Number of protein chains: 2
Amino acid sequence: MVNIAVLGFGVVGSGVAEVIAMNEKQLAAHLGEPIRVKKILDIRDFENNPFSELMTKNADDVFLDPEISVVAETIGGAQIAYEFTKRALSAGKSVVTSNKELVAKHGVELMQLALSNHCTYLFEASVGGGIPIIRPLHRCLAANRISKVAGIINGTTNYILTQMSEIGTDFADALREAQQKGYAEQNPTADIEGHDARRKIAILASIILNGAYVDNTVIHTEGISSVTQEDIAYAKRLDSKIKLLAIFRHPEKARNSAIVAPHIISRQDPLSVADGVFNAIAVRGNAIGDVMFYGQGAGKMATASAVVGDILDAALHHDRSAHITPWYNAEEPVLYDHSDSFVKALIRVKPSVTDRRIESVFPGVLYERVDGVVDGEVGFILGTDRSMNEKTLLSGTAELGDLFISRIRIY
Amino acid sequence: MVNIAVLGFGVVGSGVAEVIAMNEKQLAAHLGEPIRVKKILDIRDFENNPFSELMTKNADDVFLDPEISVVAETIGGAQIAYEFTKRALSAGKSVVTSNKELVAKHGVELMQLALSNHCTYLFEASVGGGIPIIRPLHRCLAANRISKVAGIINGTTNYILTQMSEIGTDFADALREAQQKGYAEQNPTADIEGHDARRKIAILASIILNGAYVDNTVIHTEGISSVTQEDIAYAKRLDSKIKLLAIFRHPEKARNSAIVAPHIISRQDPLSVADGVFNAIAVRGNAIGDVMFYGQGAGKMATASAVVGDILDAALHHDRSAHITPWYNAEEPVLYDHSDSFVKALIRVKPSVTDRRIESVFPGVLYERVDGVVDGEVGFILGTDRSMNEKTLLSGTAELGDLFISRIRIY
């Protein structure tokens, strides 16, 4: 019998309890023994709770119980969750989580703590919800030098952008609708401003760098709140969609860089298949070529699927080396200023901007005009053939002053 | 130092040696120690071979060398490969392979042999080439009851169908071109008749069934050689593509079934994104919902990526329980006749076939007419809302006799 505890009975935590109840037989077959949720820790009271007998408000019921070997931390945030995770790992209990904020912030300390206590800290659910990505990246693709990972890894923004594109609603209305449907939080900042995606791409980057910690807070991040129907009209003209992409580049002969920003992405690109709350993550390796993972990036049961997958792994494999390589703080910087990165972008400007003006503010940059999409303005696609870097994009648009309307990067 | 051997220096075998040479640093970082190919076994001579010093024609150089702990079997087929795999496993050496024929045929015996010799038999590369699918299915999705897996898992047929659809060539020409480009074998039967896809779907089915062996030879299989431009015209009218799909269904309240056949698949379905030599595999679990894996399903380096990933896993994890659950022969049948399965299909018939005739030969089946796609014929979409099973499809089309032109299933 494997005994586990769930910390936090919110959306994901209750999903974990439900998945274990629902798939009891399957889990026992996989483990070779039964598994049960022994305790659920939450300070709140819940009505009509089918797991009421398992509830406790006393943390000692979890941390002092030697029978409990694996703890699912589904509290979220980086405060109580942080304290409880440390307490569990210090007691030699493996911890699995969907908490990207905590992993992105304290991953090094928590993985080292797990290592020294002969237990493990797993976080498959922290990126891409239920989509298998961390373990495949770490193990199945281990033969590759990964040069790039790019993902639509925030379901809230992808839902909003899909609604804006398909229904024609503007950003504010789409956000309100997403909140009503439970796809966006009442305080939606972390999602719409790209902070959530930034944490997730930093986690993937650390995996790709064999455990060298990537501090997500230094990643250049732009959210989707300024995306308009006019931007979408240009994307459609280019047979493309607008998606919030999180990209980590790990080129062999240049510096690592990362960015989170809305991008125009061709409908021919497999990544663009992810609409609504779905996520997709594309990985490029020097042996595998391009590979993509697609599925529900959030949601109670999908996220619980990944958490319970980690629970099984933690319960089954006492050989801790079967897990993720513990992170560490590298001596050299692992992520550099992205302003040297090549970039392709669409800029929208007043119609008085001539080709000559473009050539003067974006010297040496290859470009083409996109006319007739929105009245009273003109578009330019800048930077084909790696002829522009981020620095030039920013300085050039600044120089255009009042003539500049908006810019959006092209993937 | 991890010492490995490669058996068979063909396309995949040479790819394995090249990936290990190319990514030496990455592999050592992952393993914590260097890895080298110590021997390559092949009875043939190779010109301009950068690995000539490692070549041997004497199998004892591999099997009697205690330093060699992992063997990559890239011979193919189920004869010499079978003997060599048994010899390696009996000597306690783990074996990794891309050989779907051998796994599909002798998987039970070989996994049991590995188990009793405290080594492992891994075959991530046997399905989907480089795409991570077996390990994600087995481990990351272990919390789910998987009810369906459907895949485009044969690159040769997908290349041919893509060419037929995009360029308008007929089957014979597209096959010839695929052969010239090396995407099809000189004897293409195993690919175009669906035998290769059949073996692969049987392997995935056994993983889903927690190791219960699925005999691929009983799976109803239709190849793509009878697909015509007229079929493709109907697919396009339906905003769809034609793909060779391999499907395993594991419904909770009905019998397991499997089929390999060309299907009409909507362009809205994420699976349909796989064109050319790319593969895609969709999995449905009761917690995760729908998830999809996409990438190069064949090719030297992509396949080698998966083989080398398995080599690392075999070398790293002495805890064999970290690997695939060994297969076994179940007492009860695990796969049933598919003729009871619900099916939706397009049939093409002579224009004299009236709605009334359709109602009489397909009693109780819901249908709709598709007119005007090909001169001198008419199409019917049969079996919406689970109103038709395979048996009725076959008997009804037989009853139409000379009025029947072709049928193609709809996914």
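Residues numbered from 1 in each chain as written. Chains lettered and ligands numbered in written order. Predicted model: local features only at pLDDT ≥ 70, side-chain atom pairs only at ≥ 80, totals over all residues. Heavy atoms only, no water.

Draft legend 1. Structural context of the overall build of chain A. Each helix and strand counted, chain A has 14 helices and 16 strands in total. Taken over the C-alpha trace, chain A has a radius of gyration of 23 Å; the compact-globule value for 411 residues is 22 Å, and the two agree within 12%. Along the three orthogonal principal directions, the C-alpha set of chain A runs to about 75 × 45 × 35 Å. The buried share of chain A, reckoned over its 411 residues, is 60%. Of the roughly 15900 Å² that chain A leaves accessible, carbon and sulfur atoms contribute 48%. (Helix = DSSP H or I, 4+ residues; strand = E, 2+ residues; numbered from the N terminus. Rg over C-alpha atoms; globule rule 2.2 N^0.38 Å. Buried < 20%, exposed > 50% of the residue type's maximum accessible area, 1.4 Å probe, protein only. Areas by Shrake-Rupley, 256 points an atom, 1.4 Å probe, with all protein chains shown as cover.)

Draft legend 2. The layout of surface pockets, seen in detail. Empty space within the largest pocket amounts to approximately 1400 Å³. In this structure, the largest pocket is lined by 48 residues; those nearest its centre are Val12, Ile75, Gly76, Lys100 and Glu185 of chain B. Those elements giving two or more residues to the lining of the largest pocket turn out to be α1 (11–22), α4 (80–90), α5 (100–116), α7 (155–166), α9 (189–192), α10 (195–208) and α12 (300–316) of chain B. Residue composition of the lining of the largest pocket, grouped by class: 17 nonpolar, 20 polar and 11 charged. Looking at the second largest pocket, its volume works out to about 1100 Å³. Lining of the second largest pocket is provided by 39 residues; of these, Val12, Lys100, Glu185, Asp191 and Ala298 of chain A occupy positions nearest its centre. Only α1 (11–22), α5 (100–116), α7 (155–166), α9 (189–192), α10 (195–208) and α12 (300–316) of chain A provide two or more residues apiece to the lining of the second largest pocket. In terms of residues, the lining of the second largest pocket owes the most to one element, α10 of chain A, which gives 3 residues. Looking at the lining of the second largest pocket, its residues break down into 11 nonpolar, 18 polar and 10 charged. (1 Å grid on protein atoms, 1.4 Å probe; cavity = no way out; pocket = protein on both sides within 12 Å on 5 of 7 lines; lining within 4 Å. Points joined across faces, edges and corners; volume = space filled by probe spheres on them. Nonpolar A, V, L, I, M, F, W, Y, C, P; charged D, E, K, R; others polar.)

Draft legend 3. Representation of the relation of the copies chain A and chain B in the model. By a simple turn and slide, chain A fits onto chain B: the slide is 0.0 Å along the axis, the RMSD is 0.0 Å, and the turn is 180°. Within this description, the copies of the chain are treated as partners about a two-fold rotation axis. Taking C-alpha positions as the reference, the residue of chain A nearest the rotation axis is phenylalanine 293 of chain A, at 2.4 Å. (Least-squares fit on C-alpha atoms with pLDDT ≥ 70 in both.)

Draft legend 4. Representation of the sheet that holds strand β4 (residues 68–73) of chain A. All names here are of chain A. The parallel open sheet is built from 6 strands, whose spatial order is β3-β2-β1-β4-β5-β6. On the outer flanks of this sheet lie β3 (55–56) and β6 (121–122), each paired with one strand and no other. As paired elements, strand β1 (residues 2–7) and β4 share 5 bridges and run parallel to each other. Bridge pairing links asparagine 3 to isoleucine 68 in β4. (Pairing = 2+ DSSP bridges.)

Draft legend 5. Local environment of the packing of helix α2 (residues 24–31) of chain B against α12 of chain B. Residue and element names in this part refer to chain B. Interaxial distance between α2 and α12 falls to 10 Å at its minimum, and their mutual angle equals 30°. Taken as axis vectors, α2 and α12 run roughly parallel relative to one another. In terms of crossing hand, the pair formed by α2 and α12 is right-handed. Each of Leu27, His30 and Leu31 in α2 lies in contact with α12, whose residues at this interface are Val308, Leu312, Ala315 and Leu316. Here the contact of α2 with α12 is composed, by residue class, of 6 nonpolar, 1 polar and no charged. (Axes fitted to C-alpha atoms, helices over the stretch in contact; angles between N-to-C directions. Parallel < 35°, antiparallel > 145°, perpendicular 65-115°, else oblique. Left-handed = near helix turned anticlockwise from the far one by under 90°. Contact = heavy atoms within 4.5 Å.)

Draft legend 6. Geometry of the pairing of β4 of chain A. Residues and elements named next belong to chain A. Of all 6 residues in β4, 5 are buried; the element is thus mostly enclosed. Relative to strand β5 (residues 94–97), β4 runs parallel, the two being bridged by 4 bridges. Each residue of the ladder has a partner; that of glutamate 73, found in β5, is threonine 97. Traced from β4 through helix α4 (residues 80–90) to β5, the parallel crossover comes out right-handed. (Right-handed = clockwise from strand over helix to strand, strands pointing away.)

Draft legend 7. Local environment of the packing of α4 of chain A against α5 of chain A. All names here are of chain A. Where α4 contacts α5, the two axes come as close as 10 Å, and the packing angle between them is 15°. The angle between α4 and α5 falls in the class roughly parallel. The hand of the α4/α5 crossing is right-handed. The segment α4 lies against α5, with Ala81, Tyr82, Thr85, Lys86, Leu89 and Ser90 engaging Leu102, His106, Glu109, Leu110, Leu113 and Ala114.

Draft legend 8. Broad picture of unusual backbone geometry. Residue and element names in this part refer to chain B. Unlike most non-glycine residues, histidine 118 shows phi in positive territory, near 55°. Among the structural elements, histidine 118 can be located in the loop between α5 and β6 (121–122). Unlike most non-glycine residues, aspartate 385 shows phi in positive territory, near 55°. If you trace the backbone, aspartate 385 turns up in the loop between β15 (378–382) and α14 (390–400).

Draft legend 9. View of the interface of chain A and chain B. Contact residues are listed per partner, giving 49 residues for chain A and 49 residues for chain B. Both faces combined, the contact of chain A with chain B buries some 4100 Å², and carbon together with sulfur accounts for 56% of it. When the buried surface of chain A facing chain B is broken down by residue, Arg139, Cys140 and Ala143 of chain A rank first, second and third, together holding 15% of it. For the interface between chain A and chain B, the tally reads 2 salt bridges. Arginine 139 of chain B is the partner of aspartate 313 of chain A in a salt bridge, and the nearest nitrogen-oxygen pair spans 2.2 Å. (Buried area = accessible area lost by both parts, 1.4 Å probe. Salt bridge = Lys/Arg side-chain N within 4 Å of Asp/Glu carboxyl O.)

Draft legend 10. Spotlight on the side chain of arginine 409 of chain B. Residues and elements named next belong to chain B. Here arginine 409 is to be found in strand β16 (residues 404–410). Overall, the relative accessible area of 3% leaves arginine 409 in the buried class. A polar contact of 3.1 Å, which involves the side chain of arginine 409, links it to the side chain of glutamate 222. Among the polar contacts listed, one links the side chain of arginine 409 to the side chain of glutamate 390, at a separation of 2.8 Å. (Polar contact = N/O pair within 3.5 Å; in protein donor to acceptor, adjacent residues only side chain to side chain.)

Draft legend 11. How the structure looks around the pairing of strand β2 (residues 35–41) of chain B. Residues and elements named next belong to chain B. Sheet topology note: the strand β1 (residues 2–7)/β2 ladder contains 6 bridges and is parallel. Pairing of asparagine 3 across the sheet is with arginine 36, part of β2. In terms of strand pairing, β2 meets strand β3 (residues 55–56) through 2 bridges, oriented parallel. Of the residues in β3, the one forming a bridge with isoleucine 40 is methionine 55.

Draft legend 12. Spatial organisation of the environment of alanine 202 of chain A. Residue and element names in this part refer to chain A. The residue alanine 202 is located in helix α10 in this model. For the pair alanine 202 and lysine 105, spaced 97 residues apart in sequence, the C-alpha separation works out to 9.8 Å. Excluding residues within four positions of it along the chain, alanine 202 makes contact with Val214, Asn216 and Ile219.

Draft legend 13. Examining the side chain of aspartate 313 of chain A more closely. Tracing the backbone shows aspartate 313 of chain A in helix α12. Dropping the residues within four chain positions of it, aspartate 313 of chain A is found in contact with Leu122, Arg135 and His323 of chain A together with Arg139 of chain B.

Draft legend 14. Looking closely at the sheet that holds β2 of chain B. Across the sheet, 6 strands lie side by side as β3-β2-β1-β4-β5-β6 (chain B); this open sheet has parallel pairing. The open sheet has two edge strands with one neighbour each: β3 and β6 of chain B.

Draft legend 15. Highlighting the packing of aromatic side chains. One pass over the full model with this rule turns up 19 aromatic pairs over all chains. Put simply, the rings of Tyr121, Phe123, Tyr213 and Trp327 of chain A touch in pairs and so form one group of aromatic residues. (Phe/Tyr/Trp six-rings, centres within 6.5 Å; stacked < 30°, edge-to-face > 60°.)

Draft legend 16. Broad picture of the nonpolar core. By size, the foremost hydrophobic cluster in this structure holds 233 residues, and its most contacted members are Ile311 of chain A together with Ile311 of chain B. For this core, the leading source of residues is α12 of chain B, giving 9 residues. Counting 29 residues, the second-largest nonpolar core is a separate cluster that includes Ala274 and Met292 of chain A together with Ala150 and Ala280 of chain B. (Core = buried A, V, L, I, M, F, W, Y, C linked by side-chain atoms within 4.5 Å.)

Draft legend 17. Region of the structure containing the confidence of the model for chain A. Residues with a pLDDT of 70 or more make up 99% of chain A, whose mean pLDDT is 95. Reported for the predicted complex are a pTM of 0.95 and an ipTM of 0.94. (pLDDT = per-residue confidence, 0-100.)

Draft legend 18. Spotlight on the pattern of salt bridges. Residues and elements named next belong to chain A. For the structure on display, the rule yields 55 salt bridges over all chains. Between lysine 38 and aspartate 65 there is a salt bridge; the shortest N-O distance is 2.7 Å. In this pair, lysine 38 sits in strand β2 (residues 35–41) while aspartate 65 sits in the loop between α3 (60–63) and β4, placing the two residues 27 residues apart along the sequence. One salt bridge connects glutamate 222 with arginine 407, and the closest N-O pair in it is separated by 3.7 Å. You can see glutamate 222 sitting in the loop between β8 (220–221) and α11 (229–237) and its partner arginine 407 sitting in strand β16 (residues 404–410), a full 185 residues away along the chain.

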